[in-house]
Amino acid sequence: MGYNVAVVGATGNVGREMLDILAERSFPADEVVALASRRSQGVEVSFGDHTLKVKALDHFDFSGVDLCLMSAGGAVSKEWSPKIAAAGAVVIDNSSAWRYDSDIPLIVPEVNADAITGFRKRGIIANPNCSTAQLVVALKPLHDRATIKRVVVDTYQSVSGAGKAAMDELFAQSKAVFTLDEITPKKFTKRIAFNLIPHIDVFMEDGSTREEWKMVVETKKILDPKIKLIATCVRVPVFISHSEAVNIEFERPITAEEARDILRNAPGCLVIDAREPGGYVTPYEATGEDATYISRIREDATVENGLSMWVVSDNLRKGAALNAIQIAEVLINRKLITAKQRAA
Ligand SMILES: NC(=O)c1ccc[n+]([C@@H]2O[C@H](COP(=O)([O-])OP(=O)(O)OC[C@H]3O[C@@H](n4cnc5c(N)ncnc54)[C@H](OP(=O)(O)O)[C@@H]3O)[C@@H](O)[C@H]2O)c1
C-alpha cells in the first residue's frame, strides 16, 4: 500500500517543484493532493503526465493523509502544521517557522539523517533554508576529514528564493530596461534587473540580516554547534539556483587535491573543477539538477589549513523540494512511518 501525500503551496515555486520531483522519483504515493489558498481553488497544476485540481487548504480534511509537504510560508505553517500533525500526518515544512525549535528536527539527509527520529515529539520535520542546505552538503565530508573551525560564505542568491512574485518582478524589470519603461520595485527594496542587492530578509540588531543569521544557526544545528560562520547574503538577477563563495579554516591540514577526492565521493556532491575557462559550474547549468556542484577548489595560504571553493545548487530542488522529498524517503526507507489503513 502506498502513501497519501498532501502538497500545501502546490501553486508556488517550491510546491510545483515538489509535484515534479514526486512524479520523477516514482514516489510510492497512492494519492497526491494539491492544496493552496482559496484564491487557487480549481486551478490545475501538473503532476507527471496528469494534472491535479488544486483544493483550498482551509476546507481540507487531513485525516486520511500520511505525509504533508508544506511550502506555503511561515504564517500558514505556524497555524496549520500542528493541526495537520494532530490529524496523524507527518509534516515536512519548508518555511522557517519550526527550524529553530529544539523539539523539531532540521534535516539534510546527506548530513544528519539520524536526527530524524526526533519527529515523533511533534510530528513535524523542518527543511533548512536553501542557502544552508547546499552549504552543509558540501561542508559535511570535509568536516569529517579535517574538522571545520570557521566558515566565511558569500551567497549569490537567485530571485526564485523569494517566491514566484519575485521571479515575475525580475522578468518585468528586465523587459522594462529595454523598453525604457519606469521600474518600481515591489518585492525587492531596489531594482533587481541588472543589479544586485546585499539584503535578504529583515535586519537584525547586530547589522546582519536574518538570512545571514539563518545560515549560522542552521549550520550549527545540522552539522556542528562548534563551527563559527559568517555570511553575507546577496540577491542577484538570476532566476534559479544559488551560488556560494565559501572560505573554510580547518583544525587539521587538508590539501585541495584531498578535498577534491573527498567531495567526488560524497553523497549529493558533484565536483566540476577543471581549472580552465568554463571548467566550473554556473547557476544556469545547475538548474533542474539534483546535485550540489563544487568548483574552484583551492588552498587559501592566508590562513592555516584554509580552503576556498565555489558551491552551486538549484535552490528550488536541493534547497527546498528535493530535500523535503528525500526526508520523506528516509522516513519510508527506515520504516518510521506506515501508510494509514484505508477502506477499500
Ligand atoms: N524558493 C526557495 O528557494 C525556498 C527554499 C526554501 C524554503 N522556501 C520556503 O518555502 C515556502 C514557499 O516558497 P515559494 O518560493 O514556493 O513561494 P511562492 O512561490 O510565493 O508560493 C507560495 C505558496 O503558498 C500558498 N499560500 C499562500 N498563502 C496561503 C494560505 N493562506 N493558505 C494556503 N496556501 C497559501 C500559495 O498559494 P496561492 O497561489 O493560492 O497564493 C502558493 O502555493 C516559503 O516558506 C519559503 O520561505 C523557499
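Our structure's up above, just so we're on the same page.
Thresholds, definitions, all that
- Residues numbered from 1 in each chain as written.
- Predicted model: local features only at pLDDT ≥ 70, side-chain atom pairs only at ≥ 80, totals over all residues.
- Heavy atoms only, no water.
- Buried < 20%, exposed > 50% of the residue type's maximum accessible area, 1.4 Å probe, protein only.
- Helix = DSSP H or I, 4+ residues; strand = E, 2+ residues; numbered from the N terminus.
- Pairing = 2+ DSSP bridges.
- Right-handed = clockwise from strand over helix to strand, strands pointing away.
- Axes fitted to C-alpha atoms, helices over the stretch in contact; angles between N-to-C directions.
- Contact = heavy atoms within 4.5 Å.
- Near = heavy atom within 4 Å.
- Polar contact = N/O pair within 3.5 Å; in protein donor to acceptor, adjacent residues only side chain to side chain.
- Areas by Shrake-Rupley, 256 points an atom, 1.4 Å probe, with all protein chains shown as cover.
- Nonpolar A, V, L, I, M, F, W, Y, C, P; charged D, E, K, R; others polar.
- 1 Å grid on protein atoms, 1.4 Å probe; cavity = no way out; pocket = protein on both sides within 12 Å on 5 of 7 lines; lining within 4 Å.
- Points joined across faces, edges and corners; volume = space filled by probe spheres on them.
- Phe/Tyr/Trp six-rings, centres within 6.5 Å; stacked < 30°, edge-to-face > 60°.
- Disulfide = S-S within 2.5 Å.
- Parallel < 35°, antiparallel > 145°, perpendicular 65-115°, else oblique.
- Left-handed = near helix turned anticlockwise from the far one by under 90°.

Description of the pairing of strand β6 (residues 67–70)
Here β6 shows no split at all, with L67 and L69 on one side and C68 and M70 on the other all buried. In the sheet, strand β1 (residues 3–8) pairs with β6 via four bridges, with the strands oriented parallel. Looking across to β6, one finds that V7 is bridged to L69. Note that the unit made of β6, helix α2 (residues 74–86) and strand β7 (residues 90–93) has a crossover that is right-handed.

Here we look at the sheet that holds strand β10 (residues 228–235)
Within a sheet, neighbouring strands are paired by backbone hydrogen bonds and run either parallel or antiparallel to one another. In space, the six strands of this open sheet follow the order β10-β9-β11-β14-β13-β12, with mixed pairing throughout. With partners counted over all chains shown, the strands left at the sheet margins are β10 and β12 (269–271), one partner each. When strand polarity is set aside, the average angle formed by the axes of neighbouring strands in this sheet is 25°. Where strand β11 (residues 242–250) lies against strand β14 (residues 306–313), eight bridges are found, and the strand directions are antiparallel. Paired with E244 across the bridge in β14 is V311. Strands in contact with helix α4 (residues 130–146) are β9 (148–157), β10, β11, β12, β13 (292–300) and β14; relative to β11, the strand with the most contacts, it is inclined by about 30°.

Regarding unusual backbone geometry
Phi is positive for D201, which is not a glycine, with a value near 70°. One can find D201 in the loop between α5 (164–179) and α6 (210–222). Given a relative accessible area of 32%, D201 falls into the partly exposed group.

Description of the site of the ligand
Taken together, 26 residues are adjacent to the ligand, and T11, V14, S37, R39 and S40 come closest. Here an oxygen atom of the ligand and a backbone polar atom of N13 are 2.9 Å apart. In this structure, S160 approaches the ligand through a main-chain N or O atom, which is 3.0 Å from a nitrogen atom. Considering the ligand on its own, with 910 Å² of exposed area, one finds that the protein chains cover 79% of that surface. Taken together, the elements giving at least two residues each to the shell around the ligand come down to α1 (13–24) and α9 (317–333). Its residues assigned to classes, the shell around the ligand comprises nine nonpolar, 15 polar and two charged.

Focus on the layout of surface pockets
Reported here for the second largest pocket is a volume of approximately 150 Å³. Around the second largest pocket, the lining residues are A165, D168, E169, A172, Q173, A176, E182, I183, T184, K186 and K187. Here the lining of the second largest pocket is composed, by residue class, of four nonpolar, two polar and five charged.

Points about the environment of S81
Of note, S81 is situated in helix α2. The class for S81 is buried, based on a relative accessible area of 0%. Along the primary structure S81 and D261 are separated by 180 residues, whereas in three dimensions their C-alpha atoms are 41 Å apart.

Describing the packing of aromatic side chains
Per the stated rule, a full pass over the model turns up five aromatic pairs. Taken together, a centroid distance of 6.4 Å and an interplanar angle of 50° make the contact between F62 and W80 tilted. Taken together, the residues F62 in the loop between β5 (55–56) and β6 and W80 in helix α2 connect sequence positions 18 residues apart. Between Y156 and W310, the aromatic rings sit 5.4 Å apart at their centres with planes inclined by 65°, giving edge-to-face as the arrangement. You can see Y156 sitting in strand β9 and its partner W310 sitting in strand β14, a full 154 residues away along the chain. The structure contains a cluster of three or more aromatic residues connected by ring pairs, namely F60, F62 and W80.

Some thoughts on the state of the cysteines
Taken as a whole, this structure holds zero disulfides when the rule is applied. The cysteine C68 is free of any disulfide, with C130 supplying the nearest cysteine sulfur at 20 Å. Unpaired in this structure, C233 has its nearest cysteine sulfur neighbour in C130, at a distance of 9.0 Å.

Here's the deal with the sheet that holds strand β2 (residues 29–36)
Strand order in this open sheet of six strands is β5-β2-β1-β6-β7-β8, and the pairing throughout is parallel. Only two strands of the sheet have a single neighbouring strand rather than two, namely β5 and β8 (124–126). The pairing of β1 with β2 spans six bridges and is parallel. Residue Y3 lies in a different strand from β2, and its bridge partner there is A29. Together, β6, β7 and β8 form the strand contacts of α2, whose direction differs from that of β6 by roughly 175°.

Examining the packing of α4 against helix α7 (residues 256–264)
Interhelical geometry of α4 versus α7 gives an angle of 120° and a closest axis separation of 9 Å. Considering their axes alone, α4 and α7 lie oblique with respect to each other. For the pair α4 and α7, the crossing hand works out as right-handed. In this structure, α4 uses A138, P141, L142 and R145 to contact α7, whose residues at the interface are E258, A259, I262 and L263. Classifying every residue of the contact of α4 with α7 by side-chain character gives six nonpolar, no polar and two charged.

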